[in-house]
Amino acid sequence: DPQQLQLATSSKRKLRRFIVIDEVVDKLYGSKVREYFQENNVQHKILALPTTEETKSMDLVLNILQEVQKFSIDRRTEPIIAIGGGVCLDIVGLAASLYRRRTPYIRVPTTLLSYVDASVGAKNGVNFLQCKNKLGGYMPPVASFLDRSFIQSIPRRHISNGLGEILKMALMKHKGLFDLLKSHGKYLLDTKFQSYDVSADHRDAALQTTRIAIETMLEELAPNLWEDDLDRLVDFGHLISPELEMRVLPSLMHGEAVNIDMAFMTYVAYTRGLITAEQKEQIIQCMRGLELPVWHSGCSWSLIKRALMERLKHSGGQTRMPLPTGLGVAEIFNDTSEETLERAYKLWVRD
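Within any chain, residue numbers begin from 1 and follow the written order of that chain's sequence. Local features in this predicted model are restricted to residues of pLDDT 70 or higher, and side-chain atom pairs are both shown and tallied only at a pLDDT of 80 or more, whereas totals for entire chains, interfaces and linings draw on every residue. Each side-chain value is worked out from all heavy atoms of the structure, with water and hydrogens disregarded.

**Student:** Please give an account of the overall build of the protein that cites residues and values.
**Tutor:** A run of DSSP states H or I qualifies as a helix once it reaches four residues; a run of E qualifies as a strand once it reaches two. Both are numbered from the N-terminal end. For the protein, the helix and strand inventory stands at 13 helices and nine strands. Computed over C-alpha atoms, the radius of gyration of the protein comes to 21 Å, within 12% of the 20 Å expected from 2.2 N^0.38 for 351 residues, which places it in the range of a compact globule. Seen along its three principal axes, the alpha-carbon backbone of the protein occupies a region of about 70 × 50 × 35 Å. To sort residues, take the accessible area from a 1.4 Å probe on protein chains only and compare it with the maximum for the residue type: under 20% means buried, over 50% means exposed, and anything in between is partly exposed. Burial analysis of the protein (351 residues in total) assigns 53% to the buried set. Summing over all exposed atoms, the protein offers an accessible surface of approximately 16500 Å²; the carbon and sulfur share of this is 51%. All tallies of charge rest on Lys and Arg as positive and Asp and Glu as negative; His and the ends of each chain are not included. Throughout, a charge is located at the NZ atom of Lys, the CZ atom of Arg, the CG atom of Asp or the CD atom of Glu. The averaged location of the 43 negative side-chain charges in the protein is 5 Å from the averaged location of its 44 positive side-chain charges. Radius of gyration: C-alpha atoms only; globule rule: 2.2 Å multiplied by the number of residues to the exponent 0.38. Residue burial considers only the protein chains on display, and all accessible areas are found by Shrake-Rupley using a 1.4 Å probe.

Written as structure tokens, this is what we have:
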């Protein structure tokens, strides 16, 4: 808004910003962030915190809010800035939504997973009583700033972790994205989603992949930002994974748990006759190519049943199970029998 920009730059009051940054990101980029605010003559407070699934709690939210209160921000003109992975963005989003009922915030994702997933949408939250994101709300950021250069410093496993959420969108909505992942998966892992080597073979696979993933995610989320409609294709991979992820912390990352869930659901789709044996194999091979786990010993039959019971509780008494009906196409089903699920489970474990 040019008017707001004019107001901000001509104001006698010094620009002020409160920034929450993940402590690992701070070690890598903190000096550049501080330099940026100093160069632009912005009075700032940078709070570096350990933001992991284990620390994702109301305690950390309250810790942030105490510091915000000390710094004293104008909630209309001084957005809180979150720089980090999905956990950091979730925690800061919740803190901002609580401070004076609603304080604007900006998301700056620094991992591949948060770049394509947490950067989009309105949800924020923290874990509570060993349950993933049990406390939270819906408040979208005023902006998400996307910069893939952050991704070059994250470990290979974290890149693979983010590819799990990209694959989710490919399987649900976009055959072209699935083909991109199949053809360029190893290259994307090797180059860490950077675009400096745009060869004829790979074109700009990193830009194409992230752009399509975000666009398809937006298509799904934008009309249903507050989840009034519980039939959501983006829930693929999220029926069993929350239970599994919390149960085996910290051995599985979010995208890995999601992929294990998607691998099992691929077997469910095959057992139901929704996809062919060849399509099932293509999906599983693509997952392996992206270096994602396709099975985990913690994902027992009893855990699956428990997770689906939880699902019924929170989705209006129906499972609302998104399943692939081909490559890049999907539907939501409420009629998968326990017998079908058990047959799929046995086949999955055997393979």
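Now, onward.
**Student:** Please provide a residue-by-residue account of the domain arrangement of the protein, values included.
**Tutor:** Domain boundaries shown here were taken from an automatic or database domain assignment. As far as domains go, the protein holds domain 1 (11–152) and domain 2 (156–195 + 204–222 + 232–350). A separation of 28 Å is found between the C-alpha centroids of domain 1 and domain 2. We call two residues in contact when some of their heavy atoms are within 4.5 Å. Contacts between the two partners involve 20 residues from domain 1, matched on the other side by 29 residues from domain 2. A combined buried area of about 2000 Å² lies between domain 1 and domain 2, and 68% of that area is made up of carbon and sulfur atoms. In this description, buried area is defined as the sum, over both parts, of the accessible area (probe of 1.4 Å) that is lost when the two are combined.

**Student:** Account for the nonpolar core, with residues named and values stated.
**Tutor:** Taken as a class, soluble globular proteins show a tendency for nonpolar side chains to be buried jointly. Ranked by internal contacts, the top residues of the largest apolar core, which has 71 residues, are Leu-167 and Phe-264. Tallying contributions element by element places helix 10 (residues 254–271) first for this core, with 10 residues. Taken domain by domain, the makeup of this core includes at least three residues from each of domain 1 (11–152) and domain 2 (156–195 + 204–222 + 232–350). In contact with Phe-264, not counting residues within four places along its chain, are Ile-240, Ile-304, Leu-341, Ala-344, Tyr-345 and Trp-348. To form a nonpolar core, buried Ala, Val, Leu, Ile, Met, Phe, Trp, Tyr and Cys residues must be joined to one another through side-chain atoms within 4.5 Å. Counting residues in each nonpolar core, the second largest holds 26 residues, with Ala-82, Val-87, Leu-89 and Ala-96 among its members.

**Student:** Residues and numbers for the packing of aromatic side chains, please.
**Tutor:** Centres within 6.5 Å make a pair out of two Phe, Tyr or Trp rings, where for Trp the six-membered ring is used; the pair is then stacked when the planes are under 30 degrees apart, edge-to-face when over 60, and tilted otherwise. Under the counting rule described, the total for this entry stands at seven aromatic pairs. Measuring from centroid to centroid gives 5.9 Å for Phe-18 and Phe-71, while their planes differ by 55 degrees, and the two rings are tilted. Residue Phe-18 is located in strand 1 (residues 16–22), and its partner Phe-71 is located in helix 3 (residues 58–71); the two are separated by 53 residues in the primary sequence. Phe-18 gets classed as buried once you look at its relative accessible area, which sits at 1%. Among the residues examined, Phe-71 registers a relative accessible area of 12% and is labelled buried. Put simply, the rings of Phe-264, Trp-301, Tyr-345 and Trp-348 touch in pairs and so form one group of aromatic residues. Sitting above the plane of the Phe-71 ring, Arg-16 keeps its charged end 4.1 Å from the centroid. Only when the NZ of Lys or the CZ of Arg is both within 6 Å of the ring centre and within 35 degrees of the ring normal is a charge said to sit over the ring. Of note, Lys-280 hangs over the ring of Tyr-270, and the distance from its end group to the ring centre comes to 5.1 Å.

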